[in-house]
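Residues per chain are reported as follows:
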Amino acid sequence: MKLNDAVFGFLLLILGITVLVIVQDYPKIPGQQVGPALFPGLVAVGLCVGGLILLVRGWLARGSTPWLMVDDWIQSPRHVLALVVLIGSVLFYILVSQWLGFLISAVLILTALFRVLQLSLARSVLIAVIATLVIHFAFYKLLRVPLPWGVLTPYAW
Amino acid sequence: MMDAVLLAFAMVFDPYTLMVMVIAACYGLFVGAVPGLTATMATALLVPVTFFMAPIPAVAAIVTATAMAIFSGDIPGCLLRIPGTPASAAYTDEAYAMTRKGEAEKALGASLVFSAIGGLFGTLVLIAAAPSLAEFASRFSSFEYFWLVLLGLTCAVFITSSKPVKGLITLFLGLLVACVGLGNPAGFPRFTFGNIETMAGIGMIPMMIGMFAFSEIIRYVLDTKPSGEIAVEKVGNVLRGQWKLAKKYPVQILRGSSLGTLVGALPGAGADIAAWMSYAMSKKFSKEPEKFGTGHVEGIVESGAANNSALAGAWIPALVFGIPGDSITAIIIGVLYMKNMNPGPSLFTNNPQNIYAVFLIFILANLIMIPLGILCIKAARRILKVPRNILMPVILLFCMVGTFAINNTLFGVGVMLAAGVVAYVLEANDFPIAPAILGVVLGGMLEENFITSMIKADGNFLAFFSRPIAASLAVITILIWVTPGLLALWRRSAVRAA
């Protein structure tokens, strides 16, 4: 997925200006010329200049380079679905793993991903369960990472 | 000093450390050999595990795994024409052409033997250069460090990427990320948005796992090209004929290793750039350049040595100044801080045994590369057949658990997700990633030395040039900034004159 440089330039310019506005409120240190606003302020100026260059460059080249150039995957529903499931599964883990527990969340995520990557249902579930148990054993038992049990807390081992 | 060396031997030849090294070696060989899994990814995924180890085994695991991964990246390049890691891409076509000619053994053997030799050469330079550089660096003040960090960042943007404006932008993005949190000279919470998690800053390890592992998973999921066919059924004795090659190409080996070490030591440029430059150099100075591209071993010998020597070279600025030479050492610096082995000159004086241990680990890792590498080549057909549609989801789960494990919060998982998506989009649009990482890693150091120097100078910017070493570093840095512009002007006036 390629965007015209002007799009990035515009976004960077907005980011730079936002940072410059935010750092205006940072406190001055009495008796000194340098405070916490100086360094991020300089970085923001850099972002603005870089963004402006990209904006101008992209605008001048708008005849020869399209605003958006998509790759092959966008035309393949299977690949688009896989991307959605991939991003969705990380969000799903962040949102529900504390409540649902590691084991159930992980099995669900792996099964869904195996399915969109074209494994059969039976193999998907089987491998998901095995992989989840192995990772759980390695991190929970060996490395003592407090992976959440969630709804399975009464059965914790 | 002798005591420290003995202590280092005891630490490295401890059964636990040796066991960690063997396991890490197998892991590194596997990750390197599977296309789509890179050596940097191997390092990032190792960190959550090394988090729970003592300092020396942790460093041993990372050094061993990366050295192995850079070698084994050559295997799928040779057999499938797909580089296993970006560091092998320079000579993948050459190696595959050799396989088509029925010389797969020779190509794989050359990759293995000269990887090990290059790695050992880089290690020797590291051993020779690092301690004396550290002694030199112990006299540095904030002015020198300010210019040194700026020079490092400048190298990353101007020397190693063909698109300086985009490189500068990703560098600024990295520096901005480094600003988040309380960790600034004034101790003022910046860009925290009232969130407690962001007070400590954006965790480096979750970000690295996102940029190097999660972004690769995205790339795999969106890849519409079918995977390649394995070209050979059986690989014979790979060591046969290698001694003859070594005698035939001594200059090439030395040149590749030296260039690799040097490129590795330059901040931002790692094994992949070392291999590309070295392959080009080999062709340029070769007596038979017309053979390059048709399955000629010379370029593989030279650039195979270069990419492994770059690994050790990258450790020189990392250990002495805390400035990473490539993205792998950028992660390692994070690990060293976690393990209380803060890089810098004092590491060499306060705990010399740790430094000697690192040297020993490097030597050992490059020595065990030969036998383990032969086993890996034997098993290559099986490794290359590992279904990636099973492997990638499992790696995703590993990434999520690993980022969670660093601070036991889900915030890290969110950072991983965001960093992975951003890295994927930026890379797809030709923004180089290495400057961003250097910005994140060095942002704090740059600001601290800048602010300290500003306060010392009392606003007089000339003070930044008042000490001789600082002034020299400043001149080099500024020269690199203005050279592209001057060259363009010179070219334009030359055209006008003609």
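Owing to the predicted nature of the structure, the values given are computational and were not obtained by experimental measurement.

K.L.:
Even after reading the chapter, I still don't get the overall build of chain A, so can you show me in this structure?
P.N.:
Broken down by element type, chain A carries five helices and two strands. By principal-axis analysis of the C-alpha atoms, chain A measures approximately 60 × 55 × 20 Å. Per-residue burial for chain A yields a buried fraction of 30% across its 157 residues. For chain A, the proportion of contacts with a sequence separation of at least 24, taken over those separated by at least 6, is 64%.

K.L.:
It is not clear to me how the overall build of chain B should be interpreted in this structure. Could you clarify?
P.N.:
On a plain count of helices and strands, chain B comes out with 22 helices and zero strands. At 22 Å, chain B has a C-alpha radius of gyration in line with the 23 Å of a compact globule built from 498 residues. For chain B, the C-alpha atoms occupy an extent of roughly 70 × 65 × 55 Å along the three principal directions. When each of the 498 residues of chain B is scored for burial, the buried share is 59%. Summarising the internal contacts of chain B: among those between residues at least 6 apart in sequence, 78% fall at separations of at least 24.

K.L.:
Honestly, helix α1 (residues 2–12) of chain B in this entry has me stumped. Any pointers?
P.N.:
In an α-helix, one full turn covers 3.6 residues, which means residues spaced three or four apart are oriented alike. All names here are of chain B. Among the residues making up α1, those that are buried are A8, M11 and V12. Considered in projection along α1, the buried side chains sweep an arc of 90° and stay on one side of the axis. α1 presents M2, D3, L6 and A10 as exposed residues on the side facing more than 90 degrees away from its buried surface. The secondary structure elements touched by the buried residues of α1 are α2 (15–33), α4 (55–72) and α17 (352–378).

K.L.:
Just to check I follow, could you spell out the environment of S278 of chain B for this structure?
P.N.:
Residue and element names in this part refer to chain B. As for its placement among the helices and strands, S278 is situated in helix α13 (residues 271–285). A sequence separation of 19 residues divides S278 from L259, and the C-alpha atoms of the two residues are 6.9 Å apart. Those residues in contact with S278 that lie beyond four places of it in its chain are G256, L259, G260, E302, S303 and A306.

K.L.:
Would you mind showing me how to read the confidence of the model for chain A here?
P.N.:
Detailed reading of the predicted coordinates is not advisable wherever pLDDT is low. In this model, chain A carries a mean pLDDT of 91, and residues with pLDDT of at least 70 account for 100%. Predicted confidence in chain A is weakest over strand β2 (residues 68–69) of chain A, with a mean pLDDT of 81, and strongest over helix α4 (residues 102–116) of chain A, with 96.

K.L.:
Just to check I follow, could you spell out the packing of helix α3 (residues 39–50) of chain B against α4 of chain B for this structure?
P.N.:
Geometrically, a packed helix pair is captured by the angle between its two axes and the distance between the axes. Residue and element names in this part refer to chain B. Close contact between α3 and α4 brings their axes to 9 Å; oriented N to C, the two are set at 160°. With respect to α4, the axis of α3 lies roughly antiparallel. Of the two elements, α3 crosses α4, and the hand of that crossing is right-handed. Residue-level inspection shows A39, A42, T43, L46 and T50 of α3 in contact with α4, the latter providing A58, A61, I62, A65, T66, A69 and I70. Split into classes, the residues belonging to the contact of α3 with α4 amount to nine nonpolar, three polar and no charged.

K.L.:
Help me out: how do you make sense of the interface of chain A and chain B in this one?
P.N.:
Interface size is commonly expressed as the accessible area that is lost once the parts come together. On the side of chain B, 42 residues touch chain A, which itself brings 49 residues to the contact. When contributions to the side of chain A that touches chain B are tallied by element, the ones reaching two or more residues are β1 (2–3), α1 (5–23), α2 (38–60), α3 (77–100), α4 and α5 (121–142) of chain A. Considering only residue class, the side of chain A that touches chain B consists of 38 nonpolar, eight polar and three charged.

K.L.:
Any chance you could explain the nonpolar core here in plain terms?
P.N.:
Across soluble globular proteins, nonpolar side chains show a tendency to be buried alongside one another. Residue and element names in this part refer to chain B. If you look at the biggest cluster of nonpolar residues, it comprises 224 residues, and the most contacted ones within it are I209, A213, A274 and I361. Among the elements that make up this core, the one with the highest residue count is helix α7 (residues 104–137) (16 residues). For A213, the contacting residues outside a window of four places in its chain are M41, A44, L45, I395 and C399.

K.L.:
Can you walk me through the domain arrangement of chain B in this structure?
P.N.:
All names here are of chain B. What the domain assignment lists for chain B is domain 1 (1–146 + 239–386) and domain 2 (161–221 + 388–466). Its C-alpha centre places domain 1 at a distance of 25 Å from the equivalent point of domain 2. Every contact between the two is made by 26 residues of domain 1 and, on the other side, 27 residues of domain 2. Contributing elements (two or more residues each) for the side of domain 1 that touches domain 2: α3, α8 (142–159) and α15 (327–338).

K.L.:
I would appreciate a short explanation of the environment of P468 of chain B in the present structure.
P.N.:
Residues and elements named next belong to chain B. Structurally, P468 can be placed in helix α22 (residues 468–497). A count of 9 C-beta atoms within 10 Å places P468 in the exposed class. Each C-alpha atom of the pair P468 and E144 lies 9.2 Å from the other, and the pair is 324 residues apart in sequence.

K.L.:
Sorry, what's going on with the packing of α4 of chain B against helix α14 (residues 298–321) of chain B here?
P.N.:
All names here are of chain B. At their nearest, the axes of α4 and α14 sit 9 Å apart, and the two run at 160° to each other. Put simply, α4 runs roughly antiparallel to α14. Note that α4 runs across α14; the crossing there is right-handed. Residues T66, A67, I70 and F71 of α4 form the contact with α14, whose participating residues are N307, N308 and L311. Class assignment for the residues of the contact of α4 with α14 results in four nonpolar, three polar and no charged.

K.L.:
Explain helix α19 (residues 388–407) of chain B here, please?
P.N.:
Look at α19 of chain B: 29 Å from first C-alpha to last across 20 residues, which is about the 28 Å you get at 1.5 Å a residue. In terms of burial, α19 of chain B is largely enclosed, as 14 of its 20 residues are buried.

K.L.:
Please clarify how the environment of L91 of chain A should be interpreted in this entry.
P.N.:
Residue and element names in this part refer to chain A. On the secondary structure map, L91 appears in helix α3. Residue L91 is classed as exposed on the basis of its 12 C-beta neighbours within 10 Å. Between the C-alpha atoms of L91 and F8, which are 83 residues apart in sequence, the distance is 25 Å.

K.L.:
Got a minute to help me understand unusual backbone geometry in this structure?
P.N.:
Backbone geometry follows two general trends: most residues other than glycine have a negative phi, and most peptide bonds adopt the trans configuration. Residues and elements named next belong to chain B. The backbone of R81 shows a phi angle near 65°, a positive value even though the residue is not glycine. On the secondary structure map, R81 appears in the loop between α5 (74–80) and α6 (92–100). With 17 C-beta atoms counted inside 10 Å, the residue R81 sits in the partly exposed group. Of note in the backbone geometry, N340 takes a positive phi value of approximately 60° without being a glycine. If you trace the backbone, N340 turns up in the loop between α15 and α16 (345–350).

K.L.:
How do you make sense of the confidence of the model for chain B when you look at a structure like this?
P.N.:
When pLDDT is averaged along chain B, the result is 89; 98% of the residues meet or exceed 70. For this predicted complex, the interface score ipTM comes out at 0.94, alongside a pTM of 0.88.

The rules behind the values
Residues numbered from 1 in each chain as written. Chains lettered and ligands numbered in written order. Predicted model: local features only at pLDDT ≥ 70, side-chain atom pairs only at ≥ 80, totals over all residues. Helix = DSSP H or I, 4+ residues; strand = E, 2+ residues; numbered from the N terminus. Buried ≥ 20, exposed ≤ 12 C-beta atoms within 10 Å, placed from the backbone. Contact = placed C-beta atoms within 7 Å. Rg over C-alpha atoms; globule rule 2.2 N^0.38 Å. Arc of directions from axis to C-beta. pLDDT = per-residue confidence, 0-100. Axes fitted to C-alpha atoms, helices over the stretch in contact; angles between N-to-C directions. Parallel < 35°, antiparallel > 145°, perpendicular 65-115°, else oblique. Left-handed = near helix turned anticlockwise from the far one by under 90°. Nonpolar A, V, L, I, M, F, W, Y, C, P; charged D, E, K, R; others polar. Core = buried A, V, L, I, M, F, W, Y, C linked by C-beta atoms within 7 Å. Domains from an automatic or database assignment. Expected span 1.5 Å × (residues − 1).

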